[in-house]
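Chains, contacts and geometry: an overview
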Amino acid sequence: MRLEGKLARVRPLEISDVKKLAHYLNDESIKEFVSLVFPINQFLEEEWIKRNAISHNNLTFGIEVEGVLIGTAGLKDIDWVARSAEYGIAIYDPEYWNRGIGTEVTQLILKYAFEYLNLNRVWLKVFENNPRAIAVYEKCGFIQEGRMRQGRYLKGQYLDVIIMGILANEYWRIKSEF
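Residues numbered from 1 in each chain as written. Predicted model: local features only at pLDDT ≥ 70, side-chain atom pairs only at ≥ 80, totals over all residues. Heavy atoms only, no water.

1. Focus: the sheet that holds strand β1 (residues 3-4)
Judged by pairing direction, the sheet is mixed, and its eight strands sit side by side in the order β1-β2-β3-β4-β5-β6-β8-β7 without closing on themselves. Among the strands making up the open sheet, the edge pair consists of β1 and β7 (143-154). Strand direction decides the pairing type here: strand β3 (residues 59-65) and strand β4 (residues 68-79), joined by seven bridges, are antiparallel. Along β4, the bridge assignment pairs V65 with V68. Relative to strand β6 (residues 121-127), helix α5 (residues 131-139) is tilted by about 160°, and along the sheet it contacts β5 (84-91), β6, β7 and β8 (157-167). (Pairing = 2+ DSSP bridges. Helix = DSSP H or I, 4+ residues; strand = E, 2+ residues; numbered from the N terminus. Contact = heavy atoms within 4.5 Å. Axes fitted to C-alpha atoms, helices over the stretch in contact; angles between N-to-C directions.)

2. Let's talk about the pattern of salt bridges
Charged atoms that come close allow side chains of opposite charge to pair. Summed over all chains, the structure comprises nine salt bridges. Note that E145 and R121 form a salt bridge whose closest N and O atoms lie 2.3 Å from each other. Of the two residues, E145 sits in strand β7 while R121 sits in strand β6, which places them 24 residues apart along the sequence. Judged by relative accessible area, E145 falls into the partly exposed class, the value being 40%. On the accessibility criterion, R121 (24% relative accessible area) is partly exposed. Taking the shortest distance from any N to any O, the salt bridge between R147 and E128 comes out at 3.9 Å. Pair noted here: R147 is in strand β7 and E128 is in the loop between β6 and α5, with a separation of 19 residues, a long-range link. Judged by relative accessible area, which is 43%, R147 ranks as partly exposed. (Salt bridge = Lys/Arg side-chain N within 4 Å of Asp/Glu carboxyl O. Buried < 20%, exposed > 50% of the residue type's maximum accessible area, 1.4 Å probe, protein only.)

3. Observations concerning the pairing of β8
Of all 11 residues that make up β8, eight are buried, and the element is covered over most of its length. Sheet topology note: the β6/β8 ladder contains seven bridges and is antiparallel. Note on β8: the bridge partner recorded for F127 is V161. When β7 meets β8, the two strands line up antiparallel, connected through eight bridges. When the bridges of β8 are listed, M148 appears paired with V161.

4. Focus on helix α1 (residues 18-25)
The complete set of buried residues in α1 reads V18, L21, A22, Y24 and L25. Around the axis of α1, the buried residues are gathered within 160° of arc, so they sit on the same side. Turned more than 90 degrees off the buried face of α1, the exposed positions are K19 and H23. (Arc of directions from axis to C-beta.)

5. Here's the deal with the environment of V105
Tracing the sequence through the fold places V105 in helix α4 (residues 101-116). On the accessibility criterion, V105 (0% relative accessible area) is buried. For the pair V105 and K76, spaced 29 residues apart in sequence, the C-alpha separation works out to 16 Å. With near-sequence residues (within four places) excluded, V105 lies in contact with A8, V10, I63, A73, Y87 and I89.

6. Some words on α5
Every α-helix winds through 3.6 residues per turn, so residues three or four apart in the chain are directed the same way. Along α5, the residues that are buried comprise A133, I134, V136 and Y137. What you see down the axis of α5 is that its buried residues fit within an arc of 160°, all on one side. Along α5, exposed side chains directed more than 90 degrees from the buried face belong to P131 and K139. Looking at the packing, one finds that the buried side of α5 touches β5, α4, β6, β7 and β8. Directly beyond the C-terminal end of α5, a positive phi value near 105° is found at G141.

7. Looking at the environment of I63
Within the element layout of this structure, I63 appears in strand β3. Of the residues examined, I63 reaches a relative accessible area of 0% and is grouped as buried. For the pair I63 and E104, spaced 41 residues apart in sequence, the C-alpha separation works out to 11 Å.

What follows is the structure, encoded as structure tokens:
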């Protein structure tokens, strides 16, 4: 499934994306905002894409702008009984930050989650040192549900991890604002 927005397109990841993703994921400036701390090589990235491609509990998409892969977004650990999933997004290329792409992609994935998958809850974890992401999530209807104090270690300091979520009825109420 491809999801088209005005700024970006969301599409399934392909093996041909491995080299670019491995390059992005090893960039020191990106590590600050993602959970990965270990080096990633093309072999590991290819295996991750393959595992996700055959899983019905993890849906990962590539984010493209004008045919260029700039990041990933998706739903993981989908609980089909509780109808809940964890959301994640990363725009790896700073050239595409602050352009509204993260907001649009988040809205596209929420549409997919609530209108196609019939989920009831989408939640996420965001680090307290990422105010841009927090603003995007709030704009898309997520509310802060909790905080894991000192849940992340980065470069000699501990940071809080903020838990945010949006329910289906909240999505349907604000959908027209998208």
